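Examination of the molecular architecture
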Amino acid sequence: MPLFERFPSLAGTAVSRMLVDAFRLRTPQGPEMVEWVMSTRSGAVRINDEVRVAPCGDHVLLTWERGDRLHMAGAAQRLVRTCWAEWNLGDHGVEPSRGFRQVLGLVDDIAVPALLDLATAATPDSLPALYQTLYDVILRKYTAECELRLSSSERTFRMVAEPVRVAPGGLVWAVRAVFIDVTSDRRRREAAQRSASEARRGHQRVEAVAEIADVLREAVLPHFQDELDAFGLEAAAVYRPDAREAGVGGDWYKARELPDGRLLIALGDARGHGLEAATLMAKLRYALAGLAYTEEPVERLTQWLNEVACADGDESTATAVIARYHPERSLLRWTCAGHPRPVLVRGGRATQLPAPDGGPGISLGVLPDVAYTAAETPLEVDDIVLMYSDGLIERRPTDPDQDMDRFLEAAEHCCAEAAPDAGHAGLQNYVEWLVARLDGPHRTDDATLLALRRIGTG
């Protein structure tokens, strides 16, 4: 029975061309996938077959096999990017899986590489592991694996190979290997390693900054005991760094005896955050310490310190309250350079000290040749003067007047709930309690509080 009479739907497929070419050219044709319809008792059935046509004497031999499983195998290899092959060591032949070329990224017009040709296709860094794997499989006769990177596709494969022997213990006559594309896994692993390395470097930087912060903090933020007793004063301070800046910022304070028997007291806040602000803070603090030995009044010291900040650069701005205490008169003379004015706690009532004549001066480092004026505040026994940075009282986006009212209320409340005991420890407990009442998660800057209490005549 003629073929196309038995299977009419084959006439419109590639089978007709394959039959003609095989008979005319006398060369095998295919395999090619052919889709056709066959009539059965239950109706028409669509069939996918892999067809081959080969010359056979004066005839042609037509063979086909069901192609759905082959399609599924190829699809599975593409989905999981896995393929396999078997290399015959005797005749150097190779039997690859259907998806071998596609998974490995080989072009169709290049022959499937022989076993040793893999070395040519691999990148140089892959060769030692590949040679070791082949040595283990062929000579040691056990399963081995390696990572293989191909130059042509820039992809990385995990190659798992095993020996094929005729009989147990016999010679290895073939090598069978499975290739699994691990490019994405390797890239993720490399990205994770880079991230881990960057995290380690970041952690090291944070540790280094924290170590520097500790040194700076100890250097520029003194601890008070009874050093000021000779002046008839007690002092206590609390510093709370901005947690985002590794424990150091631009706040600073100072209390230092001067050659003329008076006391220099200052509190400032350098612009910015982190080590940049701490560096400016240290410059201004040590500059003020040197300038104070001139015994010039605080107005002049503040003017000179402004010149130092202006000479340091456009970004070197800061605020400060600079004071000199005269123990013989129990008098505090102070200037304000763009900083919140001190607060006086007297008899349980807290009030902000009035500004010097002409108002507070501008911040340090903004304009050169600026004149500052001083205010004078006589202190009575048990008076407490509070100097602080704006980070302690600011509540964005509230009004500054509301922030000040909240601070004054807290200072009075803490005084009423537990009047500061005599001695340094009592004053320290008071400022600790006051800062704890004002502090919280809303704070976005360093917070510093310096308290001075008059205990008698110097």
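A quick note: this is a predicted structure, and the numbers were derived from the prediction, not measured. Residue positions are counted from 1 within each chain, in the order its sequence is given. Reporting in this predicted model follows two pLDDT cut-offs: at least 70 for local features of residues, and 80 or more for side-chain atom pairs to be given and counted; totals over whole chains, interfaces and linings ignore these cut-offs and use all residues. To get the side-chain values, all heavy atoms of the structure are used, and hydrogens and water are removed first.

**With respect to the layout of surface pockets**
With a 1 Å grid spanning the protein atoms alone, the term cavity applies to any set of points in which a 1.4 Å probe fits but cannot get out, the term pocket to an open set with protein on both sides within 12 Å along at least five of seven lines, and the term lining residue to any residue with an atom within 4 Å of a point. Grid points are joined across faces, edges and corners, and a volume is the space filled by probe spheres set on the points. Of the voids in this model, the largest pocket is the one considered here, and its volume is about 330 Å³. Lining of the largest pocket is provided by 16 residues; of these, Pro340, Gln352, Ile393, Pro400 and Met404 occupy positions nearest its centre. To qualify as a helix, a DSSP run of H or I must reach at least 4 residues; to qualify as a strand, a run of E must reach at least 2; elements of each kind are numbered from the N terminus. In terms of residue count, helix α11 (residues 400-417) provides more of the lining of the largest pocket than any other element does, four residues in total. Just so you know the grouping, Ala, Val, Leu, Ile, Met, Phe, Trp, Tyr, Cys and Pro go in nonpolar, Asp, Glu, Lys and Arg go in charged, and all remaining residues, Gly too, go in polar. A breakdown of the residues in the lining of the largest pocket according to their chemical character gives five nonpolar, four polar and seven charged.

**Some points on the side chain of His339**
Relative to the helices and strands, His339 resides in the loop between β13 (331-337) and β14 (343-346). Separated by 2.6 Å, the side chain of His339 and the backbone oxygen of Tyr388 make a polar contact. Here a residue-residue contact requires only that any non-hydrogen atoms of the pair lie within 4.5 Å. Sequence-distant contacts of His339, that is, excluding residues within four places in its chain, are made with Leu267, Gly268, Asp269, Thr319, Ala320, Val321, Tyr388 and Ser389. Any N or O atom pair separated by 3.5 Å or less is treated as a polar contact, with the protein-specific requirement of one donor-capable and one acceptor-capable atom, and with residues adjacent in sequence counted only for side-chain atom pairs.

**Thoughts on empty space enclosed by the protein**
Considering all chains together, one arrives at two cavities of 30 Å³ or more under this definition. Taken as a whole, the second largest cavity encloses approximately 40 Å³ of empty space. Surrounding the second largest cavity, Leu10, Val15, Trp36, Asp49, Val51, Leu62 and Trp64 form its lining. Where the lining of the second largest cavity is concerned, the elements lending two or more residues are β2 (43-56) and β3 (59-66).

**A few points about the sheet that holds strand β15 (residues 349-352)**
Across a sheet, paired strands are connected by hydrogen bonds in the backbone, their directions being either parallel or antiparallel. Strands were regarded as paired on the criterion that DSSP finds at least two bridges between them. Across the sheet, five strands lie side by side as β9-β18-β17-β14-β15; this open sheet has antiparallel pairing. With one partner strand each, in any of the chains shown, β9 (233-240) and β15 form the two edges of the open sheet. The sheet shows a mean angle of 20° between the axes of neighbouring strands, taken without regard to direction. Alignment of β14 against β15, held across four bridges, turns out to be antiparallel. Opposite Val345, over in β15, you have Ala350 as the bridge partner. Against the sheet, α11 makes contact with β14, β15, β17 (384-388) and β18 (447-454), and its axis sits at roughly 155° relative to β15, the strand it touches most. On top of the sheet, helix α12 (residues 424-438) reaches β9, β14, β17 and β18; it is set at about 35° to β9, its chief contact. Lines fitted to the C-alpha atoms define the axes, with helices restricted to the stretch that makes contact. Angles between their N-to-C directions range from 0 to 180 degrees.

**Considerations on the nonpolar core**
By size, the foremost hydrophobic cluster in this structure holds 26 residues, and its most contacted members are Leu386, Phe407, Tyr430 and Leu434. When residues of this core are traced back to their parent elements, those giving at least two are β9, β14, β17, α10 (390-393), α11, α12 and β18. The dominant element in this core, judged by the number of residues it contributes, is α11, at seven residues. Other than its neighbours up to four places away in sequence, Phe407 contacts Val343, Leu386, Tyr388, Leu392, Ile393, Leu434, Leu438 and Leu449. As used in this record, nonpolar core signifies buried Ala, Val, Leu, Ile, Met, Phe, Trp, Tyr and Cys residues forming a set joined through side-chain atoms within 4.5 Å. The cut-offs for exposure are 20% and 50% of the maximum accessible area for each residue type, with area from a 1.4 Å probe on protein chains only; residues under the lower value are buried, those over the upper are exposed, and the others partly exposed.

**Some remarks on the sheet that holds strand β10 (residues 251-257)**
With antiparallel pairing, five strands are arranged side by side in an open sheet as β10-β11-β12-β13-β16. Since the sheet does not close on itself, it has two edges, and those belong to β10 and β16 (375-378), each with one partner. Within the sheet, the average angular offset between the axes of one strand and its neighbour, ignoring direction, is 15°. Pairing geometry for strand β12 (residues 318-326) and β13, over seven bridges, is antiparallel. Looking across to β13, one finds that Ala323 is bridged to Trp334.

**Concerning helix α2 (residues 15-25)**
Looking at α2, one finds that the buried residues are Val15, Met18, Leu19, Asp21 and Ala22. Next to the buried residues of α2 lie α1 (3-6), β1 (29-40), β2 and β3. Looking one or two residues beyond α2, the residue adopting positive phi is Arg26, at roughly 60°.

**Considering a negative patch on the surface**
Patch membership requires more than 30% relative accessible area and the absence of a salt bridge. Residues of like charge join within 9 Å; the nonpolar side chains Val, Leu, Ile, Met, Phe, Trp and Tyr join within 5 Å. Surface exposure here means Shrake-Rupley accessible area, sampled with a 1.4 Å probe, where a residue is shielded only by the protein chains that are shown. Any carboxyl oxygen of Asp or Glu that lies within 4 Å of a side-chain nitrogen of Lys or Arg is treated as forming a salt bridge with it. His is not counted here, nor are the chain ends, while Lys and Arg score as positive and Asp and Glu score as negative. Throughout, a charge is located at the NZ atom of Lys, the CZ atom of Arg, the CG atom of Asp or the CD atom of Glu. Where like charges cluster on the molecular surface, the negative patch consists of Asp399, Asp401, Asp405 and Glu409. For Asp401, the position within the fold is in helix α11.

**Some words on the pairing of β14**
Consecutive side chains along a regular strand alternate between the two faces of the sheet. Once β14 ends, the chain turns through two residues before running back antiparallel as β15, passing Gly347 with a positive phi of about 60°. Pairing between β14 and β17: three bridges, direction antiparallel. Pairing of Val345 across the sheet is with Ile384, part of β17.

**Some remarks on the confidence of the model for the protein chain**
Of the residues in the protein chain, 90% reach a pLDDT of 70 or more, and the chain-wide mean stands at 85. Every residue carries a pLDDT, the predictor's confidence in it, which falls somewhere between 0 and 100. Averaged pLDDT values over the elements of the protein chain bottom out at 66 in helix α3 (residues 68-80) and peak at 96 in β17.

**Overview of the packing of aromatic side chains**
Any two of the Phe, Tyr and Trp rings considered here, Trp counted by its six-membered ring, make a pair once their centres fall within 6.5 Å; the pair's planes then place it as stacked at under 30 degrees, edge-to-face at over 60, or tilted in between. Scanning all chains against the criterion turns up seven aromatic pairs. Aromatic pair Phe7 and Trp64: ring centres 6.1 Å apart, planes at 85°, arrangement edge-to-face. In this pair, Phe7 is assigned in the loop between α1 and α2 and Trp64 in strand β3, connecting sequence segments 57 residues apart. Exposure remark for Phe7: the relative accessible area of 14% places this residue in the buried category. Look at Trp87 and Phe100: their rings are 6.4 Å apart centre to centre, the planes differ by 70°, and that puts the pair in the edge-to-face class. Of this pair, Trp87 sits in strand β4 (residues 82-88) while Phe100 sits in helix α4 (residues 100-104); the two residues are 13 residues apart in sequence, bridging distant segments of the chain. Here the two residues Trp87 and Phe100 agree in accessibility, since each one is buried.

**Considerations on the environment of Ala121**
Its location among the elements puts Ala121 in helix α5 (residues 117-121). Relative accessible area serves as the criterion here: at 25%, Ala121 is assigned to the partly exposed category. Linking Ala121 and Ser153, residues 32 residues apart in sequence, is a C-alpha distance of 9.6 Å. Once residues within four sequence positions are removed from consideration, Ala121 is found in contact with Arg149, Leu150, Ser151 and Ser152.

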